[in-house]
Amino acid sequence: MSGERVPVTLITGAAGEIGQALLERLAEGRGEPVVTVDLRPLSVGGPGHPHREHFQGDILDPALWEKLLHRYRPTLIFHLAAILSTRAESVPVLAHRVNADGAARLLAIAADCATPDEPLRFVFPSSIAVYGLPSPESKEAAAPVSEDEHLDPATLYGAQKLYVERLGATIERLGAGLDFRAVRLPGLISSDTLPQGGTSDWAPELIHAAARGEPYSCFVNRGARLPFCAMPDAVEGILRLAFRGKASLTRTAYNLGGPSLSAAEIIARVARDFPDLEVRFRLDPARDRIVASWPAAVDDGAARRDFGFAPGHDEETLFSRYLIPGIRRRYDGS
Ligand code: NAD
Ligand code: AKB
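Residues numbered from 1 in each chain as written. Chains lettered and ligands numbered in written order. Predicted model: local features only at pLDDT ≥ 70, side-chain atom pairs only at ≥ 80, totals over all residues. Heavy atoms only, no water.

Caption draft 1: Representation of the sheet that holds strand E9 (residues 225-230) in the model. Taken in spatial order, the three strands line up as E7-E9-E11 in an open sheet, and their pairing is mixed. The sheet terminates laterally at strand E7 (187-189) and strand E11 (260-262), the two strands that pair on one side only. Strand after strand, the sheet turns through a mean of 50° between neighbouring axes, direction not considered. Two elements, E7 and E9, share three bridges in a ladder whose sense is parallel. Note that in E9 the partner of Gly187 across the bridge is Phe228. Of the strands in this sheet, E9 and E11 are in contact with helix H9 (residues 263-273), which crosses E11 at around 85°. (Pairing = 2+ DSSP bridges. Helix = DSSP H or I, 4+ residues; strand = E, 2+ residues; numbered from the N terminus. Axes fitted to C-alpha atoms, helices over the stretch in contact; angles between N-to-C directions. Contact = heavy atoms within 4.5 Å.)

In structure tokens form, the structure reads like this:
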């Protein structure tokens, strides 16, 4: 490959929720140029913005990589493209191709671009879906779950995330210069965007519905509980991991945590600001079972210790400082 290729940060899945937030955050710095890949179009940029070029296409398309790698040399990759948990269970073959084969192909490309002298950092957002708790009692007893416990995923999506974590760690150990790092994210909630195809989606959907003054049909039971994190806190955590010196890191995959909230608690908190909130429970047993298998809370002590993960929001300020004001601005400009 030619020596004139432009060194870049590459983001796959950049048109998604995390990708958009990450791009916005990268625009605040003076880092190297950014190129993006996604099935969907993406328009970001403008004067001073590091975004250089968007490749609209499929990560499984070899022609896309040929074109991109002809012009650019990735030095840091955020591999976000994926099919999230609920959708992955309904399109298992496609999900395997994207979440497992697609990631494996990109890891191979990254290992090819890396050298021991010029290691390439590969940052992978894994998920609490790698954990599997077999019963409500074990879910309660296990919280907060630390990284080496309960690695028994109940979903294809979770198994695919765990596979990529292990594949990345193995390729790194083989010594070609790949520097692989993963964060296991909880459910994320953004005031700016809505999720699609995930299972933790009930929380952001409910909060956004409340702000729009629409009734919400909740697909999990009132007691369903997961850890949640504000999108900016998660993005900050991902960036801290990406830029931390390797010597500080004691693991490959780190939990990032956040407040542990049940559907009933979220409803009660949101109703304080949106008293007309109307929630009906229409249980989707498959999605409810997925949530039941995920931890109620995770231990993120290693991330705090090793790369200074320090989420800016607790259970109250997640709503009062971030979600409620941001969502009000989004829907009514107030
Ligand atoms: P998202 O669904 O909003 O974004 C994923 C993006 O990937 C989409 O824009 C989609 O078009 C793109 N994509 C899917 N298949 C593709 C393909 N074959 N080729 C190119 N692009 C493709 O999801 P997100 O919330 O931004 O999540 C990003 C990553 O973080 C995913 O790997 C997800 O599993 C992980 N994650 C997210 C959460 C969360 O709560 N948002 C939690 C844990 C882990
Ligand atoms: C999903 O629900 O699929 C994601 C996740 C926790 O991985 N939000």
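Caption draft 2: Examining the pairing of strand E5 (residues 120-127) more closely. For E5, the tally of buried residues reaches seven of eight residues, placing the bulk of the element in the interior. In this sheet, E5 lies alongside strand E4 (residues 72-79) in parallel orientation, the contact comprising three bridges. Bridge pairing in E5 links Leu76 to Arg121. Where E5 and strand E6 (residues 178-185) come together, eight bridges link them in parallel fashion. Bridging across to E6, Ser127 finds its partner in Leu185. (Buried < 20%, exposed > 50% of the residue type's maximum accessible area, 1.4 Å probe, protein only.)

Caption draft 3: Broad picture of the site of ligand 1. Glu17, Ile18, Asp38, Tyr157 and Lys161 are the nearest of the 25 residues found near ligand 1. Between ligand 1 and Ile18 there is a distance of 2.8 Å, counted from an oxygen atom to a backbone nitrogen or oxygen. Leu39 has a polar backbone atom sitting 3.3 Å from a nitrogen atom of ligand 1. Expressed as a share of its isolated accessible area of 820 Å², the protein-covered part of ligand 1 is 92%. Here ligand 1 is seated within the largest pocket. (Near = heavy atom within 4 Å. Polar contact = N/O pair within 3.5 Å; in protein donor to acceptor, adjacent residues only side chain to side chain. Areas by Shrake-Rupley, 256 points an atom, 1.4 Å probe, with all protein chains shown as cover. 1 Å grid on protein atoms, 1.4 Å probe; cavity = no way out; pocket = protein on both sides within 12 Å on 5 of 7 lines; lining within 4 Å. Sits in = over half its atoms within 2 Å of the grid points.)

Caption draft 4: Fine view of the site of ligand 2. In the vicinity of ligand 2, the contacting residues are Leu84, Ser85, Ser127, Ile128, Tyr157, Gly198, Thr199, Ser200 and Trp294. Protein contact buries 92% of the 250 Å² of open area that ligand 2 shows by itself. When atom positions are compared with the pocket grids, ligand 2 is found to occupy the largest pocket. Residues belonging to the shell around ligand 2 are distributed by class as follows: four nonpolar, five polar and no charged. (Nonpolar A, V, L, I, M, F, W, Y, C, P; charged D, E, K, R; others polar.)

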